[in-house]
Amino acid sequence: MKRFAMKNITKSTYSYNYLLPALVIYVLFFIVPTIVSIFFSLTRWTLFDWEFIGFENFINFFQESSLNIGLRNSLIYGALTSGLKVVFGLLIAVFLCSEIKTKNYLRTLIFFPALISTIAVGAIFKALMNPTRGPINQILEAIGINGPSWLGNPHLALFSVIFVDVWKGVGIATVIYIAGLMSIPPHYYEACAIDGGNSFHKFFYITLPLVRPAMNAVIILSFISGLKSFDIIWAMTGGGPGFASDVLASVIYKQYINGFYGLATAGNVILFILISIIAFPLYKFLSRGEVEY
Amino acid sequence: MKKIMIPVLVVAFMVSMLVIGTSCKQEAVAAETNVTLSIMVHGVSITKEWVELFSKEIEEKLGIKSEIELTPGGAEGETIMKSRIVSGEMPDITTYNVGALLRALNPEKNFVDISNEPYAANISEDFKMAASVNGKLFGIPLAPALVGGWVYNKDIYKKLGLEIPKTWAQLIDNCNKAKEAGYTAILGTFGDSWTAQLAVLADYYNVNTIVPDFADKYTANKVHFSDTPSALRGFEKLAEIKNFMNKDFATLTFDEGVRLLSEGKVAHYPMLTFIFPTISSTYPEAVASLGVFPQPSDDANVNGFTTWEPDGWFITNSCKNLEAAKAWMNFMTSQEAYEAYATVQQISGPLLIKGLTLPSNTSPIVSEIQSYFDKGKSAPALEFISPIKGPNLPQICVEVGSGMKTALQGAQDYDKDVKKQAQQLGIEGW
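Cut-off values and rules
Think of each chain on its own: its residues are numbered from 1, step by step along the sequence as written. Numbering of ligands from 1 and lettering of chains from A proceed in the order in which they are written. Whole-chain, interface and lining totals are the exception, using all residues; otherwise, since this is a predicted model, local features are given only for residues with pLDDT of at least 70 and side-chain atom pairs are given and counted only at 80 or more. Secondary structure elements are taken from DSSP: a helix is a run of H or I of four residues or more, a strand is a run of E of two residues or more, and numbering for both begins at the N terminus. Atoms counted for the radius of gyration: C-alpha only. Globule rule: 2.2 Å times the number of residues to the power 0.38. Partly exposed residues are those falling between the two cut-offs: more than 12 but fewer than 20 other C-beta atoms within 10 Å of their own, whereas 20 or more means buried and 12 or fewer means exposed, with C-beta atoms placed from the backbone. Boundaries between domains were set according to an automatic or database domain assignment. Two residues qualify as a contact pair if the distance between their C-beta atoms, derived from the backbone, is within 7 Å. Residues are sorted three ways: Asp, Glu, Lys and Arg are charged, Ala, Val, Leu, Ile, Met, Phe, Trp, Tyr, Cys and Pro are nonpolar, and all the rest, Gly among them, are polar. To get an axis, a line is fitted to the C-alpha atoms, and for a helix only the part in contact is used. The angle between two axes follows their N-to-C directions and goes from 0 to 180 degrees. Each helix crossing is assigned a hand: it is left-handed if the near helix lies turned anticlockwise from the far helix by less than a right angle, otherwise right-handed if that turn is clockwise. Core membership is restricted to buried Ala, Val, Leu, Ile, Met, Phe, Trp, Tyr and Cys residues, and these are joined into a nonpolar core through C-beta atoms within 7 Å. One less than the residue count of a helix, multiplied by 1.5 Å, gives the span that helix is expected to have. Should DSSP find at least two bridges between two strands, the strands are taken to pair. Scored between 0 and 100, pLDDT is the confidence that the predictor attaches to each residue. Each angle receives one of four descriptions, namely roughly parallel if under 35 degrees, roughly antiparallel if over 145, roughly perpendicular if within 65 to 115, and oblique otherwise.

## Observations regarding the overall build of chain A
Next, step 1: Secondary structure assignment for chain A yields 14 helices and 2 strands.
Next, step 2: Its C-alpha atoms give chain A a radius of gyration of 25 Å, more than 25% over the compact-globule value 19 Å for 293 residues.
Next, step 3: In terms of overall dimensions, chain A has a C-alpha envelope of 75 × 60 × 30 Å along the principal axes.
Next, step 4: Sorting the 293 residues of chain A into buried and exposed places 35% on the buried side.

Following this line, the structure appears as structure tokens:
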């Protein structure tokens, strides 16, 4: 009788065959292209044939200034946009969770830039930052400051784009933070107040530790999207002037349209490895620091 | 009630589909009696008005309809072209660059060989060379010849008592005087990075005259820009112009630059003469005050134009009605075609078809350019003689022109770029 029951249970378990459709799609469209692209990154290929050249593409990528500048700029871009979003997002979120009348209106307002198409944002800021006819420099001129060429100065162009990226992306960070802040039970704050804590104590001993999960999400998401960022840079500077604001993704795109398919593939493999070796340990490290009360 | 409505709606839908279906069929039959060619116009070298006027003429005279599609120029257009070729969605006829860029499309596989067509015999030798691969001719010119040089403002020259410079030092001298008088001495439009290349590319007549076998040795990896003083000179000249350019040179775009040039605020603009037709249609009053001279060398005896071949018309291999396409091409090389051209656009360079006469609407710069041509003082730009052109030249020129890199560093970077391109194209010796 018992054996019979066991048999029934085994029978009713789903067969692995049910995984097959998903597995086939995953292998065909994710695993195979990944392996193939690692192979083609070791070749010089056209659409018609290929030639095996070992690690030459990778060596080129690290040696040539027009290529490795993308690597450097991507790291600057990822770190800076992520850092600024983490700080400003938190400040704005704390402000928007306090007792102010226009709270809901302001929450909508801060999220608004995230809804606009990135290319449109790029085009708008490109016009605003025009050195002679752009409103930014015209305002600066009115108060007696000679504004720089925001996108034409090679030392400034990347940071101008970073500023716009933060302006556009800080809304999403804020929303994640607000969700995190709302989940902090109010009685912690009450307890703190009874113990005689001021708002400084509340922020550093209650808000900051308990908002850590939200903060980690913001760091990881904005850092990865910063490393992959392409559209806003392409719309604003096209990687210029010269190669001054090129990031990995724009370098890869340029190699592709110039017909250097091997180099472009190698660039993608580098981007893939870079994100893997930075993102996974970063995530592990961050989630270790989360606390529960 | 609801139950009855559903079958009624279904029947109504089916009937309407049937009606639509039959009407589609009738249209298709009507179109077959008339030949329609799909034409793709790539880039900015030809205006839409001209193509439309042209297709109207062709429809009247040959009974061939044209369906025009515009695609962007530059690197973006090249990508579109390459992906259309790979996906087999080519039009019947297309425009495209000749020279190095044409070779990158593998024309022997993708375009129709027209070497033996009767109209091919009248095409100028320089254009034929640039539009041929392995001795097979693929394209016909879509516009008159172009030269690269320094567009200058004759009014400013007259006012300041300047003369057309024969040496680079004289040009710098003129720039100093124009700058002192409060004009923009040299217009920089690095917002469109391709415009930064002109000082290097238009110097090729000088390179070619001083080192006549440069192109062959360069293609064979025996000489380079950084180790040939006369070739490096182009980058050095580019590095010298920074102090003469407008303040917003780094972000100003080509279109904005053309407007400034037409408003008479600019003394010089290193550019291709294809801007003359644009100016004549957008700012007609400005044309009379603009002229062009070659980029001077350091020796007054070496002074001539670097020429650019205009884009060509090509028949693609996916063309189904070859006879119609060939008739179309034949018309494009006729006197009638150029008369039609002149009604919308001023002719701004010598014609590339032998035996044609210049229409009446011809710019005065044509005779200026022709006088150099007649003396043999012209040479095709390097990209029409050698298959290798490094794709990053625009960005490298922006770096050199705005002082981010020295001329030598720029030339060395360009040599690396050339090496990559040569290897990608599979050229021997690299």
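Picking up where we left off.
## Comments concerning the overall build of chain B
Next, step 1: Scanning chain B from N- to C-terminus turns up 20 helices and 13 strands.
Next, step 2: With respect to the principal axes defined by its C-alpha atoms, chain B has extents near 90 × 55 × 50 Å.
Next, step 3: Across the 430 residues that make up chain B, the buried fraction comes to 47%.

## Describing the domain arrangement of chain B
Residue and element names in this part refer to chain B.
Next, step 1: Taken as a whole, chain B is organised into domain 1 (34–144 + 310–367) and domain 2 (146–308 + 388–425).
Next, step 2: Its C-alpha centre places domain 1 at a distance of 27 Å from the equivalent point of domain 2.
Next, step 3: Taken residue by residue, the interface counts 11 residues in domain 1 and 15 residues in domain 2.
Next, step 4: Split by residue class, the side of domain 1 that touches domain 2 holds 3 nonpolar, 7 polar and 1 charged.

## Regarding the interface of chain A and chain B
Next, step 1: Facing the 19 residues of chain A at the interface are 22 residues of chain B.
Next, step 2: For the side of chain A that touches chain B, the per-class residue count stands at 8 nonpolar, 9 polar and 2 charged.

## Some words on the packing of helix H2 (residues 48–62) of chain B against helix H15 (residues 322–332) of chain B
All names here are of chain B.
Next, step 1: Where H2 meets H15, the axes come as close as 11 Å, and the angle between the chain directions of the two elements is 115 degrees. Considering the relative orientation of H2 and H15, their crossing is right-handed. Between H2 and H15, the contacting residues are Ile58, Lys61 and Leu62 on the first element and Ala327, Trp328 and Phe331 on the second.
Next, step 2: Class assignment for the residues of the contact of H2 with H15 results in 5 nonpolar, no polar and 1 charged.

## With respect to the nonpolar core
One broad trend across soluble globular proteins is that nonpolar side chains are buried collectively.
Next, step 1: Membership of the largest hydrophobic core comes to 120 residues, with the highest contact counts inside it found for Val151(B), Phe235(B), Leu238(B), Ile315(B) and Trp328(B).
Next, step 2: When residues of this core are assigned to domains, at least three map to each of domain 1 (34–144 + 310–367) and domain 2 (146–308 + 388–425) of chain B.
Next, step 3: Sequence-distant contacts of Ile315(B), defined by excluding residues within four places in its chain, comprise Asp92(B), Ile93(B), Phe111(B), Val112(B), Ile114(B), Ala325(B) and Met329(B).
Next, step 4: Residues Leu67(A), Ala93(A), Val218(A) and Ala235(A) belong to the second largest nonpolar core, which totals 48 residues.

## Some remarks on helix H11 (residues 212–228) of chain A
Next, step 1: Between the first and last C-alpha of H11(A) there are 24 Å, a value that for 17 residues agrees with the 24 Å anticipated at 1.5 Å per step.
Next, step 2: Buried residues along H11(A) sit against helix H4 (65–96), helix H8 (157–182) and helix H14 (261–288) of chain A.

## Re the sheet that holds strand E2 (residues 64–71) of chain B
All names here are of chain B.
Next, step 1: With respect to topology, 5 strands assemble into an open sheet ordered E2-E1-E3-E12-E6, the strand pairing being mixed. Each edge of the open sheet carries a strand with a single partner, namely E2 and strand E6 (139–141). Direction aside, the axes of adjacent strands within the sheet are offset by 25 degrees on average.
Next, step 2: The pairing of strand E1 (residues 35–42) with E2 spans 8 bridges and is classified as parallel. Bridge assignment links leucine 37 to a residue of E2, and that residue is serine 66.
Next, step 3: Contacts from H2 reach E1 and E2 within the one sheet, and its direction differs from that of E2 by about 165 degrees.

## So, unusual backbone geometry
Next, step 1: One non-glycine residue, Asn106(B), lies in positive phi territory at about 55 degrees.
Next, step 2: Here Asn106(B) is to be found in the loop between helix H4 (100–103) and helix H5 (107–110).

## Remarks on the environment of Ile172(A)
Next, step 1: Inspection of the secondary structure assignment puts Ile172(A) in helix H8.
Next, step 2: Along the primary structure Ile172(A) and Ala114(A) are separated by 58 residues, whereas in three dimensions their C-alpha atoms are 6.8 Å apart.

## Some points on the confidence of the model for chain B
All names here are of chain B.
Next, step 1: Summary statistics for chain B give a mean pLDDT of 86 and a share of 92% for residues scoring 70 or more.
Next, step 2: A low-confidence stretch, residues 18–33 (pLDDT under 50), is modelled with 1 contact involving residues beyond four sequence positions or located in other chains.
Next, step 3: Interface scoring of the predicted complex returns ipTM 0.79; its pTM is 0.80.

## Brief notes about the pairing of E1(B)
Moving residue by residue along a regular strand, the side chains alternate between the two faces of the sheet.
Residues and elements named next belong to chain B.
Next, step 1: Of all 8 residues in E1, 6 are buried, a share of seventy percent or more.
Next, step 2: Pairing analysis gives 2 bridges linking E1 to strand E3 (residues 93–96), with the strands arranged parallel. Bridge assignment links methionine 40 to a residue of E3, and that residue is threonine 94.

## Regarding the packing of helix H19 (residues 393–401) of chain B against helix H20 (residues 407–425) of chain B
Geometry of a packed helix pair, given as the angle between the helix axes and the separation of the axes.
Residue and element names in this part refer to chain B.
Next, step 1: Their axes nearest at 9 Å, the elements H19 and H20 cross at an angle of 170 degrees. Looking at the two axes, H19 sits roughly antiparallel to H20. For the pair formed by H19 and H20, the contact residues are Leu393, Ile396, Glu399 and Val400 on the first element and Ala407, Gly410, Asp413, Tyr414 and Asp417 on the second.
Next, step 2: Looking at the contact of H19 with H20 residue by residue, the class counts come to 5 nonpolar, 1 polar and 3 charged.

## Brief notes about the environment of Lys420(B)
Next, step 1: Topologically, Lys420(B) is positioned in helix H20.
Next, step 2: Each C-alpha atom, one on Lys420(B) and one on Glu69(B), is 33 Å from the other, the two residues being 351 residues apart in sequence.

## Considerations on the pairing of E3(B)
Residue and element names in this part refer to chain B.
Next, step 1: The alternating pattern of E3 places Ile93 and Thr95 on one face and Thr94 and Tyr96 on the opposite face, and all of these are buried.
Next, step 2: Sheet topology note: the E3/strand E12 (residues 312–315) ladder contains 4 bridges and is antiparallel. Bridge assignment links threonine 94 to a residue of E12, and that residue is phenylalanine 314.

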